[in-house]
Amino acid sequence: MIPFHTMQAAPFLLAALAAAFLALPRAKSDPEDWRGLAVRVFAYWAISILLLFTISARFIPLVALGLVALALAPKAPAQKIAFYIGVVFAVPSEYQEYVPFPGVNYLIILNHAKVLALVLLLPLCVGGGKAAASPSARGRRRENGIWRKADILFGIWIAIVAILDLRMTQTFTNSLRHFADIGLELVLPYLAVRRSVRSMNDIQIVLWGLLLGLLILTALGLLSGLQNWLHYKPLGDNALGWTGAFRGGGVRVNVTLSSILLGQLMVVCMALLFWRRRVADQPWLPLMWLLPCAFVLEATGSRGAILAAIVAVGGLVYFRTRAAGTRTFIGVGGASLLAITYMTLQSTGFDAVDEYGTFDYRQQLLETAAVKIRQVPLLGDADYYDDPLFEPLRQGQGIIDFVNGYVQVALGYGLLGLGLLLASLAAAFFGTAKGTYVLMRQNRTHGEPGAGFALGIALSSLGVMLMTVSFVSYIELFLILLIALNVCYTQAALTEKRKAEPSLNPTEAGEPPAPSRRPLAAEAEREPASVSPWPQGYTPGRTGWPS
């Protein structure tokens, strides 16, 4: 039975949800399906709050939300992806249930992301969503190599992760569960997005769905910060307690996500608000949302999120700069500034900026991880967590906090896995940059390049934030979705470029080739008559010899 003091949080959360819906940055030019998507996303969040805060058995709300998702999801593939991205954060990732099965300990660990993957994403991957490639499209694959490389690199990385994880000591049923989790949490989201998001219109409606979900999180985070109330903490045994941990003498803001991911999502929300401001009926309304976003970002108490915000500003300058040399200078200068700052703090000590000693812990983690990586450099060690080398890093809670996602990947999958992940991120990011510059050169509306700005900023800020946090909460899922969306944007931008260029081959436009009709004058020029050896006016056998 849900305690009454826990149920009391539901009315406040529903009120914050209603306020966010009324303050949406709408536009008269929005298609009808955009407005319908907003109603569907907000309705799903409201139903999730009612189920989570009134029913104690976790299996019932998870199954019920799967049925609700089936009922509310749009039919169009891109709109279904937009709905999925808008509602996937409605339930904490730690809210899960062990599904029993005869003969084994349990069948699968069921959570909200897996439920949505089964009911929304699996039909998109199995039933279709990808248009058949025409012969001309197949012939242009070499031109689109920049986004195809990202697909290939990411696919190899997923395969490496799936295979190397089998080195862990586990039973056959655990191996099956492992492959099921990889498929539901990594493969299905990527494939569904890549198969369903095909055009620039698809990109923009998916970003609208993401913005809806982030505005809801902003409203709930604002409520939590103002009330100083950890609304979602009672839903977990002890899994959600750390999301409301104290920092600087105050309670961190508490929603369905970890504090650091919530802070990074506020950075993404700000970027999307600038994208939305170009078409909103009241341009000041998206700017008004920036204040709650900044409040929630600060209330998370996450320095990694603050670093992501700084990187986002640099990313915006990078994307809006057209000169290639200037972009290179900005990138190299920013990396050099970060390195100089770190080396300065390392030589003078971190006490002035870190009263909790977390910087010293991170430095010790990097040094210890470097020793471990030198022992197994290529493929890593699946059981690195139990290595006695890391025992000095064990904290008072009995855990070793690997506060660096890249270190986590390098330890578990070696430099091969780390290199593939970094290559996938780089291919997706620079593909988006290329697509954005292509649209800017065509003098497109601000909506299409602005979508590229938002996606590039989101990916770069999350990539930098991974240096300060491990793969917890929805971080891994959000990373997968961002890589897929950036690759989709690159493909859509290059498609728009080809549409704008005059086609030299009429068969690519579906027209039959015109018959070859060579002008007589041109034919005469190309094939001049041979010079006769006889005098002019004399034809042998017909005329006499000219006098």
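Right, let's walk through the structure included here. (Residues numbered from 1 in each chain as written. Predicted model: local features only at pLDDT ≥ 70, side-chain atom pairs only at ≥ 80, totals over all residues. Heavy atoms only, no water.)

### Section: the pairing of strand E2 (residues 104–111)
The side chains of a regular strand alternate, first on one face of the sheet and then on the other. In plain terms, the rule: By this definition, two strands are paired if DSSP reports at least two bridges between them. The helix count covers DSSP runs of H or I at least four residues long, the strand count covers runs of E at least two residues long, and both are numbered beginning at the N terminus.
Pairing of strand E1 (residues 96–101) with E2 involves 5 bridges; the strand directions are antiparallel. Its bridge partner being in E2, Tyr98 is matched across the sheet by Ile109.

### Description of the nonpolar core
Short version of the rule: Nonpolar core, defined: a set of buried Ala, Val, Leu, Ile, Met, Phe, Trp, Tyr and Cys residues in which side-chain atoms within 4.5 Å join the residues together. Working definition: with a 1.4 Å probe on protein chains only, accessible area under 20% of the residue-type maximum means buried, over 50% means exposed, and in between means partly exposed. In this description, contact between two residues means that some pair of their heavy atoms is separated by no more than 4.5 Å.
By size, the foremost hydrophobic cluster in this structure holds 158 residues, and its most contacted members are Tyr44, Trp45, Phe83 and Leu217. Filtering out sequence-adjacent residues up to four positions away, Leu217 remains in contact with Trp45, Phe89, Val255, Thr256, Leu257, Leu262, Leu265 and Met266.

### Notes on the packing of helix H11 (residues 259–277) against helix H12 (residues 284–299)
The condition is simple: Angular values range over 0 to 180 degrees, each being the angle between N-to-C directions of two axes fitted as lines to C-alpha atoms, with helices fitted over their stretch in contact. Between 65 and 115 degrees an angle is taken as roughly perpendicular, under 35 as roughly parallel, over 145 as roughly antiparallel, and anywhere else as oblique. Think of it as three bins: nonpolar holds Ala, Val, Leu, Ile, Met, Phe, Trp, Tyr, Cys and Pro, charged holds Asp, Glu, Lys and Arg, and polar takes everything else, Gly as well.
Remark: H11 packs on H12, axes separated minimally by 9 Å, with the N-to-C direction vectors making an angle of 170 degrees. Here H12 runs roughly antiparallel to H11, going by the angle between their axes. Note on element contacts: H12 touches H11 through Pro286, Leu287, Trp289, Leu290, Cys293, Ala294, Val296 and Leu297, opposite Leu262, Gly263, Met266, Val267, Cys269, Met270, Leu273, Phe274 and Arg277. For the contact of H11 with H12, the per-class residue count stands at 15 nonpolar, 1 polar and 1 charged.

### Focus on the state of the cysteines
The condition is simple: In this description, the term disulfide denotes a pair of cysteine sulfurs within 2.5 Å.
Tallied over the entire structure, the rule returns 0 disulfides. The closest cysteine sulfur to the non-disulfide-bonded Cys269 is located on Cys293, 3.6 Å from its own sulfur.

### Points about the packing of aromatic side chains
The line we're drawing: For Phe, Tyr and Trp, where Trp contributes only its six-membered ring, two rings pair if their centres lie within 6.5 Å, and the inter-plane angle classes them as stacked under 30 degrees, edge-to-face over 60, or tilted in between.
This structure, assessed with the given rule, holds 13 aromatic pairs. Arranged with centres 5.8 Å apart and planes meeting at 20 degrees, the rings of Trp34 and Trp208 form a pair that is stacked. Note that Trp34 is positioned in helix H3 (residues 32–52) and Trp208 in helix H10 (residues 200–227), a separation of 174 residues in sequence. Like Trp208, Trp34 is buried. With a centroid separation of 5.2 Å and an interplanar angle of 85 degrees, the aromatic rings of Tyr384 and Phe402 are classed as edge-to-face.

### A short note on the side chain of Ser48
Looking at where Ser48 falls in the secondary structure, it is placed in helix H3. Look at Ser48 and you get buried, because its relative accessible area is 0%. Here Ser48 is in contact with Leu65 and Ala90, once residues within four sequence places are set aside.

### Thoughts on unusual backbone geometry
One non-glycine residue, Ser473, lies in the positive phi region at around 55 degrees. If you trace the backbone, Ser473 turns up in the loop between helix H17 (447–465) and helix H18 (475–500). Under the relative-accessibility criterion, Ser473 is labelled partly exposed at 21%.

### Structural notes on helix H5 (residues 77–87)
Most of H5 sits inside the fold, with 10 of its 11 residues counted as buried. Listed as buried for H5 are Ala78, Gln79, Lys80, Ile81, Ala82, Phe83, Tyr84, Ile85, Gly86 and Val87.

### Focus: the pattern of salt bridges
Heads up, the condition is: A side-chain nitrogen of Lys or Arg and a carboxyl oxygen of Asp or Glu constitute a salt bridge if their distance falls within 4 Å.
Summed over the entire model, instances satisfying the criterion amount to 7 salt bridges. Arg194 is paired through a salt bridge with Asp151; the nearest N and O atoms lie 2.8 Å apart. Here Arg194 is found in helix H9 (residues 172–196), whereas its partner Asp151 is found in helix H8 (residues 145–164), with 43 residues between them in sequence. Residue classification places Asp151 among the partly exposed residues on the basis of a relative accessible area of 22%.

Nothing here speaks to function; it is all geometry.
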